[in-house]
Amino acid sequence: MDAYIGRLLDNRYEILEVIGTGGMAVVYKALDHRLNRMVAVKILKDELSRNQEFRRRFHAESQAVAMVSHPNIVGVYDVSRTEESDYIVMELIEGISLKQYLEKKGNLNWRETLHFSMQIAKALEHAHSRGIVHRDIKPHNIMILKDGTIKVADFGIARIGSAQNTLTREALGSVHYISPEQAKGARVDNRSDLYSLGVVMYEMLTGVTPYDGETPVAVAIQHINGAARCPSELMTGIPLGLEQITMHAMNANPDTRYATATDMLRDMEEFRKTPAITFRFGAAAQSAAVRAAVQPAPRTDAERYVSRNTPKTENMSVEQRRAERARREAEKAEERRRRNLTIAIIVAAAVLVLLVVILLVSMFSGSDDEQDGGKTTASEAEEVEVPDLIGMRLEEIDPEDYPDVQVDIINIREEYSTRYDEGYVIDQSPDAGDMVPNGRRIELTVSLGKSENVIPDYTEMTGDELMKYLTDLNLGLKIDMQKISDETIVKDYVVRTDPEMGTELTKNQNVIIYVSLGSNKMPDLKGETQENAQKKLDKMELGLRIEIEEEFSDTVNKGCVIATDPREGKELREKQTVTLYISLGSNKMPDLKGESKSNAEALLKAMDLGLKITFLDEPSDEVEEGKVTRTDPQAGSDLKQNDTIKVYISLGDGKAEVPDVLGRSAAEAKSLLEAAGFVVNINEIYDETVPAGHVISQSALPGDRVEEGTTITIDVSKGPQPTEPPETTEPPQPTDPTEATEP
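Residues numbered from 1 in each chain as written. Predicted model: local features only at pLDDT ≥ 70, side-chain atom pairs only at ≥ 80, totals over all residues. Heavy atoms only, no water.

1. A word on the overall build of the protein chain
(1) Moving on: Check the secondary structure of the protein chain and you find 21 helices and 29 strands.
(2) Moving on: Per-residue burial for the protein chain yields a buried fraction of 42% across its 743 residues.
(3) Moving on: Within the protein chain, contacts between residues separated by at least 24 positions form 67% of all contacts whose residues are at least 6 apart in sequence.
(4) Moving on: Surface exposure of the protein chain reaches about 39,900 Å², of which carbon and sulfur atoms provide 48%. (Helix = DSSP H or I, 4+ residues; strand = E, 2+ residues; numbered from the N terminus. Buried < 20%, exposed > 50% of the residue type's maximum accessible area, 1.4 Å probe, protein only. Contact = heavy atoms within 4.5 Å. Areas by Shrake-Rupley, 256 points an atom, 1.4 Å probe, with all protein chains shown as cover.)

Next up, the structure:
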């Protein structure tokens, strides 16, 4: 039996039973005698409580977390310590973990995923505002209440745990959710929690974690490399915007994922309002990056995600081609980095094997070593790893700090850069991480600072706008404008330039601007929002008359184009009528069985059909109390505007589980049984084996399911039967004198 069961901590918290065990602590259900309520008590494990520094940090961190109060965070009521251990007293959650929920359902629909994710993000936003980083966000630490409310547990506790866990000791269940910086042992901040939330969202949408492997180290390396498949490759029906939010949160580079939970919540809220929305994390964001900097930023996970929807180059618009070129360059750089990391790992493994061989040889050939004096020489062909010098100030680089290579700080190249200030290294050859022969020369390119005298990003500019921009540079440029046919570029907009975008301009240079003659072919508008589709048609300047037809669609998001008439590629005439078929969303009755009442109502209202929802109760042996048992009409039925929907909610089977009260005090047993919904009858009997006032037996066996309201009799000990004979009194004197005398 557990040593803490039955103990009274601080003369207040009576430990009743174990309800959970983790890597650091054991969680007990307890009765707070002072406030007469059930609580959860988390007690540090014995092996950790022997470390005084660990106990000090646990106590300090727990006190800080106790100051956090939020509806989506498990409340911490008290923090205390005894001579033996430290413990925290928390809100007792009546629910299941998100991990258990996922094991039951496999994966969640996008609406439920969003519902849970927004609550988790709100919890993180609050904690981060108080300077607290969770560090261990995973489904196991997220509790779901019966009404669908999320409670995040173990705030601050994971931080203490990280002080004593190395990666190889990390539980496999946690390593699936850790951020790349945690995997590397680097500094962790708020963004690490957001990465883990992204992984949890990924698992909710797909039913699997983005990375898996035979060992924790194998999984951690995948987090560092950041090459997860997109959720929509594994599961259909995931909206584009929600997938973008998920992948952006999971960006391997902390600097290019969400900076704050508030930022992430803002996008979630925008998506909640408009499920058809998409975000500028992909090709659009890359194009914006090109406008802001000639050199493209490293490609993010979300940008890799968008590339799966990008058409082949020959079918791309000019904007897409430019973004794609920039993306490919960034991808090549990323691929080189990964290849170098792989090579480094292989080389490290080879060196380890070589050292073992040398050790074994030396053990068995000592005499040979003595004959040659034990002298050894390193191979002239020894390879070393190239250091990363990009982003460093040239004047701060000391070649003596890099004895394995020759860093050339004299013969440098200089270029303008919009990303780095003057004097900073912007490129190097060979690349950082490459394995090169010992003594290899490293060539550097250094920034001349920012320059505005370049061909700008003209993807949103007309020929006249670009002409004015270049003229205003006052370089005396000789500018020629030529019109060419291009069906992918709107009329009068720039197709390309000579020299190309980003080129540094010199005085009196020749520049040619190629401007589109436009196209009169119907563009592909499927999946576009109605607003974007109309804008694209308006830009064709054909005076088209646009008509809107609305219809239901199970595959196209509400407010987006299902089809057009004429269809894509057809020639258009001036003032021709074009019909856009716009999705009203799905009108199919969703499968709500097992959903909470609040979730069911939210899902039906989100269909925007003005449905009249009636909730009815019914008993059920299959579905737990408070969850949907069935609907009328049934799942998959076609719905019409203002239809009446009946949603049946389970009353449960009317039974409750009988708690085990044997050996407990009569008061405690009565409290537990009544809390479970039973009527209690107490029968007191003498018993020599059970202390007075404690339960000897109960009429219903522990664990049995019995109708609520049933009377359960408990036999309570009165202690040993008394051994003293009872006191006697004189019998009353008879009144008849004949009976009072003997014959």
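2. Digging into the packing of aromatic side chains
Any pair of aromatic rings gets described here by the distance separating the centres and the angle formed by the planes.
(1) Moving on: Enumeration over the complete set of coordinates arrives at four aromatic pairs.
(2) Moving on: On the numbers, 5.8 Å between centres and 55 degrees between planes, the contact of Tyr-4 with Tyr-28 is tilted. In this pair, Tyr-4 sits in the segment before β1 (8–9) while Tyr-28 sits in strand β3 (residues 25–32), placing the two residues 24 residues apart along the sequence. For the pair shown, Tyr-4 and Tyr-28 are each scored as buried.
(3) Moving on: Between Tyr-13 and Tyr-87 the ring centres are 6.3 Å apart and the planes differ by 80 degrees, which places this aromatic pair in the edge-to-face class. Taken as a pair, Tyr-13 in strand β2 (residues 13–21) and Tyr-87 in strand β6 (residues 86–91) lie far apart in primary sequence, 74 residues in all.
(4) Moving on: A relative accessible area of 1% places Tyr-87 in the buried class.
(5) Moving on: The lysine or arginine in question, Lys-718, covers the ring of Tyr-686, its NZ or CZ lying 4.3 Å from the ring centre. (Phe/Tyr/Trp six-rings, centres within 6.5 Å; stacked < 30°, edge-to-face > 60°. Lys NZ or Arg CZ within 6 Å of the ring centre and 35° of its normal.)

3. As for the sheet that holds strand β29 (residues 711–717)
(1) Moving on: Within the open sheet, the three strands sit side by side as β26-β29-β27. Their pairing is mixed. Strands at the two margins of the open sheet, each flanked by one partner only, are β26 (679–685) and β27 (695–698). Pairs of neighbouring strands in the sheet enclose a mean axial angle of 25 degrees, with direction left out of account.
(2) Moving on: Relative to β29, β27 runs antiparallel, the two being bridged by three bridges. Among the inter-strand pairings, Gln-698 is bridged to a residue of β29, identified as Ile-714. (Pairing = 2+ DSSP bridges. Axes fitted to C-alpha atoms, helices over the stretch in contact; angles between N-to-C directions.)

4. Things to note about the pairing of strand β8 (residues 142–145)
(1) Moving on: Where strand β7 (residues 95–97) meets β8, three bridges bridge the pair, whose relative direction is antiparallel. Of the residues in β8, the one forming a bridge with Ser-97 is Met-143.
(2) Moving on: For β8 and strand β9 (residues 150–152), the ladder comprises three bridges, and the chain directions are antiparallel. By the bridge assignment for β9, Ile-142 is matched with Val-152.
(3) Moving on: Counting the residues that bridge the hairpin from β8 to β9 gives four residues, and of these Gly-148 lies at a positive phi of roughly 90 degrees.

5. Details of the nonpolar core
(1) Moving on: Counting 70 residues, the largest nonpolar core has Leu-98, Met-264 and Met-268 as the members making the most contacts within it.
(2) Moving on: Apart from residues lying up to four places away in sequence, Leu-98 is in contact with Leu-108, Phe-116, Pro-139, Ile-142, Ile-144, Val-200 and Met-204. (Core = buried A, V, L, I, M, F, W, Y, C linked by side-chain atoms within 4.5 Å.)

6. Observations regarding the packing of helix α4 (residues 110–129) against helix α8 (residues 190–206)
(1) Moving on: Packing of α4 against α8 leaves a shortest axis separation of 10 Å and a crossing angle of 165 degrees. Classified by the angle their axes make, α4 and α8 are roughly antiparallel. With respect to the hand of their crossing, α4 and α8 are arranged in right-handed fashion. The residues of α8 that touch α4, namely those facing Trp-110, Thr-113, Phe-116, Ser-117, Ile-120, Ala-121, Leu-124 and His-128, are Asn-190, Asp-193, Leu-194, Leu-197, Met-201, Met-204 and Leu-205.
(2) Moving on: Here the residues of the contact of α4 with α8 sort into ten nonpolar, four polar and one charged. (Parallel < 35°, antiparallel > 145°, perpendicular 65-115°, else oblique. Left-handed = near helix turned anticlockwise from the far one by under 90°. Nonpolar A, V, L, I, M, F, W, Y, C, P; charged D, E, K, R; others polar.)

7. Quick look at the confidence of the model for the protein chain
(1) Moving on: Across the protein chain, pLDDT averages 80, with 79% of residues at or above 70.
(2) Moving on: Within the protein chain, helix α13 (residues 283–292) has the poorest average pLDDT of any element, 38, and α8 the best, 95.
(3) Moving on: Counting interchain partners and residues more than four positions distant, the pLDDT-below-50 stretch residues 160–173 has 25 contacts.
(4) Moving on: Contacts of residues 282–326 to residues separated by more than four positions or lying in other chains number 94 contacts, the stretch itself having pLDDT below 50. (pLDDT = per-residue confidence, 0-100.)

8. Focus on the pattern of salt bridges
(1) Moving on: In total, this model carries 31 salt bridges according to the counting rule given.
(2) Moving on: For Asp-154, the salt bridge is made with Lys-42, and the minimal N-O distance between the two is 2.2 Å. Separated by 112 residues along the polypeptide, Asp-154 in the loop between β9 and α5 (157–162) and Lys-42 in strand β4 (residues 37–44) bring together distant segments of the chain.
(3) Moving on: We note a salt bridge from Lys-627 to Glu-624, for which the minimum N-O separation is 3.9 Å. (Salt bridge = Lys/Arg side-chain N within 4 Å of Asp/Glu carboxyl O.)

9. Looking at the environment of Leu-444
(1) Moving on: Following the sequence through the fold, Leu-444 ends up in strand β15 (residues 441–447).
(2) Moving on: As a C-alpha pair, Leu-444 and Ile-409 span 35 residues in sequence and 7.1 Å in three-dimensional space.
(3) Moving on: Setting aside residues up to four positions removed in sequence, Leu-444 forms contacts with Leu-389, Leu-394, Ile-397, Val-407, Asp-408, Ile-409, Ile-412, Arg-413, Val-425, Asp-427 and Gln-428.

10. A closer look at the sheet that holds β9
(1) Moving on: Strand order in the open sheet made by the three strands is β7-β8-β9, with antiparallel pairing throughout. The sheet is open, and its two edges are formed by β7 and β9, each paired on a single side. Recorded for the sheet is a direction-independent mean angle of 30 degrees between the axes of neighbouring strands.

11. Considering the side chain of Ser-179
(1) Moving on: When you line up the elements, Ser-179 lands in the loop between α6 (172–175) and α7 (180–184).
(2) Moving on: Given the relative accessible area of 0%, Ser-179 is considered buried.
(3) Moving on: Leave out the neighbours within four places in its chain, and Ser-179 touches Ser-192, Tyr-195, Ser-196 and Arg-257.

12. Thoughts on the environment of Leu-473
(1) Moving on: With respect to the helices and strands, the residue Leu-473 is situated in the loop between α17 (463–471) and β16 (478–484).
(2) Moving on: What makes Leu-473 buried here is its relative accessible area of 18%.
(3) Moving on: For the pair formed by Leu-473 and Glu-452, sequence separation is 21 residues and the distance between their alpha carbons is 8.3 Å.
(4) Moving on: When neighbours within four sequence positions are excluded, Leu-473 is seen to be in contact with Glu-452, Asn-453 and Leu-505.

13. Some points on the packing of α8 against helix α12 (residues 261–273)
(1) Moving on: Their axes nearest at 11 Å, the elements α8 and α12 cross at an angle of 35 degrees. Viewed along their axes, α8 and α12 form a crossing whose handedness is right-handed. On α12, the residues touching Leu-194, Leu-197 and Met-201 of α8 are Ala-261, Met-264 and Met-268.
(2) Moving on: When its residues are assigned to classes, the contact of α8 with α12 shows six nonpolar, no polar and no charged.

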